[in-house]
Each structure stands twice: as structure tokens, then as C-alpha cells.
Amino acid sequence: MSLAVSLEKNLNKQIQKIAKKHMEHIIALCDDKTLSQDKAIHQIRRRFKKLRALIHLLQNDLSKSFFKKQNRIFKECAHSFSASRDQKVLGDTYLEIIRKYTLDEQTYDAILQAIRSSKPSLDADQSFLNIKERLQKNLKTLKHYKLRKNTKAHFLSCLKKTYQKTDKLRKTAIKKKSDFYFHEWRKWVNYYGFQLFLIDKKEFQKKAEALKSLAHILGDIHDITVFKAFLHTSDTPLNKEFETFLDKEQALLKEEALKLGEEIFE
């Protein structure tokens, strides 16, 4: 079953098939004993991002209550693994800063030990079970996944709305410069990129790849934000000194993101 749509065929049927495929794949991942827990969680979270991108494409055509319910289900399911994901981010970001700025690991070892001791307890089996149950029930709602006008022109008009929202957030990030607005921009860059990947045409795929690169940079910016928040809650030697390297790296990443964003949106 293809996860791309043909703009010349029945779009609503294709959209419903794609939503069904993502939900069924997540259910299968919850039962897959051949994957490591980290890999399964990563793939599940990514599928939920694609589902959220899909409903945001349909947002103006869905009833407000239905959109909110679907978005809440996907968000809550993905967030059941957030603490575990953030803990991995802390370790990965720490090592990246140490290597890039050639810092002495022993000097900042207390920070690494604080990260390791902060590992949250996670009942993955229970989380997998809860997600399976919610999605199996949610499969019954697929008939509501549809455009108000089942036409190519209307589909592209929905896509244009995502573009406009994403570009508006880019301009807000330029103006405000805060981590919060870069994170908001990141979410919509992901939505827009995943929506473009839906279309089986080379020109859309090329732009989607550029957005994927931008989303990766914005993701690194957010990871540093998560790290700084962690440092502010831990009483560890040299926190402030280590944060100067985080700030330096984040400033470079923001500059890189804005440059790439200008190339994509201008």
C-alpha cells in the first residue's frame, strides 16, 4: 500500500488508506519483539508525527471537535515516551558538545553522571498496550478523514495554508529569536515536510527533502533547549560553564536554520 498520493485519483480514499497504514504500522511496532525498545519508540513517535501532519493538512475541513480529539490522541500516545526520549537526547547532546569543542570529559563528568542518574522509569509494555488499544479503537474513525472538496485544487489549497503558517512562524522566529518560537517553527516545518512527502511528484519530494534537513537542524536546537532546562534543575559543578558551549552551538544552529529557511521560503 503506497504512502504517497496521486493528485489525479480519489484523494479521500488515498488519505484514508494512508492514515490506516500509519495506525496499523504503529500497532504492529507495539508487538514487534525483533526491534530494540529504543528503535521501536523512535519509529512509533515518527509515525505519530506523520499522522499529526496529515490531520493538520485536513484541519480546516474537519469538525473542530474531531480534529482536537485526533490530535490529542496522537500527541498523548507519542508523549508517553517523551521522558525516555529526552533522557537519550541529553546523553547524545552532551557527547556532541564534548567532541565538537574538544572538552575534557573528566572535567564535566559530573554532568554526565547527573544525566545517567536521571533516567526515568518506563513501563514500555504498558505504554505499548495503551497505544494499541487506543489506535485499534481509533481505526473506526477513518471515514471522517476527508477533504471537504475531493479535488486536486482543494488539496493544494490546504497545502498552501500549511506553507503560509510555516513561513509565518519562520518570520516570528526571526523577530523573537527565542527558543520557544524556533520550536513552534520546527513543528510546522515537520508538518509541511511530511505533507509534501505525501505527493508522488519529484518537485514536491525535492522540497520535502530540504525541509527534512531544516527540521533536523531545528531539532538539534530544541535538543539544546532541553539540555539547558535540565542543567537549570540540577545542582552540578560547572553547569554555567558548560552552558556557554551550549549557547554557542545553539546560536550557530539558529543562524544555519534561518539561512536554509530563507532559501526554502523565499
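That block above? That's the structure.
Residues numbered from 1 in each chain as written. Predicted model: local features only at pLDDT ≥ 70, side-chain atom pairs only at ≥ 80, totals over all residues. Heavy atoms only, no water.

> Which residues make up the packing of aromatic side chains, and what are the values?
Centre-to-centre distance and the angle between the planes together describe a pair of aromatic rings. Taken as a whole, this structure holds 14 aromatic pairs when the rule is applied. Aromatic rings pair up to connect Tyr94, Tyr108, Phe227, Phe230 and Phe242 into one cluster. (Phe/Tyr/Trp six-rings, centres within 6.5 Å; stacked < 30°, edge-to-face > 60°.)

> Please give an account of the environment of serine 84 that cites residues and values.
With respect to the helices and strands, serine 84 occurs in helix 4 (residues 82-100). Taking the C-alpha atoms as reference points, serine 84 and proline 237, separated by 153 residues in sequence, lie 24 Å from one another. In contact with serine 84, other than residues within four places in its own chain, are Pro120 and Leu122. (Helix = DSSP H or I, 4+ residues; strand = E, 2+ residues; numbered from the N terminus. Contact = heavy atoms within 4.5 Å.)

> Provide a residue-level description of the layout of surface pockets, including the pertinent values.
In this structure, the largest pocket encloses a volume near 960 Å³. Together, 31 residues line the largest pocket, and His42, Arg85, Arg186, His216 and Asp223 are the ones closest to its centre. Elements represented by at least two residues in the lining of the largest pocket include exactly helix 2 (37-57), helix 4, helix 8 (179-197), helix 9 (202-233) and helix 10 (239-265). Residue composition of the lining of the largest pocket, grouped by class: eleven nonpolar, seven polar and 13 charged. Empty space within the second largest pocket amounts to approximately 510 Å³. Along the wall of the second largest pocket there are 18 residues; nearest its centre are Arg45, Lys49, His79, His183 and Arg186. Contributions of two or more residues to the lining of the second largest pocket are made by helix 2, helix 3 (64-79), helix 4, helix 8 and helix 9. Looking at the lining of the second largest pocket residue by residue, the classes come out as five nonpolar, five polar and eight charged. (1 Å grid on protein atoms, 1.4 Å probe; cavity = no way out; pocket = protein on both sides within 12 Å on 5 of 7 lines; lining within 4 Å. Points joined across faces, edges and corners; volume = space filled by probe spheres on them. Nonpolar A, V, L, I, M, F, W, Y, C, P; charged D, E, K, R; others polar.)

> Please set out unusual backbone geometry residue by residue, giving values where relevant.
Of note in the backbone geometry, threonine 102 takes a positive phi value of approximately 45° without being a glycine. Along the chain, threonine 102 turns up in the loop between helix 4 and helix 5 (109-117). Positive phi, normally seen in glycine, also occurs at lysine 177, with a value near 65°. Mapped onto the elements, lysine 177 comes out in the loop between helix 7 (152-176) and helix 8.

> Which residues make up the side chain of histidine 56, and what values do they have?
With respect to the secondary-structure elements, histidine 56 resides in helix 2. Separated by 2.7 Å, the side chain of histidine 56 and the backbone oxygen of arginine 52 make a polar contact. Sequence-distant contacts of histidine 56, that is, excluding residues within four places in its chain, are made with Phe67, Asn71, Trp188, Tyr191 and Gln195. (Polar contact = N/O pair within 3.5 Å; in protein donor to acceptor, adjacent residues only side chain to side chain.)

> Please set out the pattern of salt bridges residue by residue, giving values where relevant.
Per the stated rule, a full pass over the model turns up 17 salt bridges. Across the pair aspartate 223 and arginine 85 runs a salt bridge whose closest N-O atoms are separated by 3.2 Å. Of this pair, aspartate 223 sits in helix 9 while arginine 85 is found in helix 4, placing the two residues 138 residues apart along the sequence. With relative accessibility at 12%, the residue aspartate 223 sits in the buried group. A residue is classified by how much of its surface remains accessible, and arginine 85, at 24% relative accessible area, is partly exposed. (Salt bridge = Lys/Arg side-chain N within 4 Å of Asp/Glu carboxyl O. Buried < 20%, exposed > 50% of the residue type's maximum accessible area, 1.4 Å probe, protein only.)

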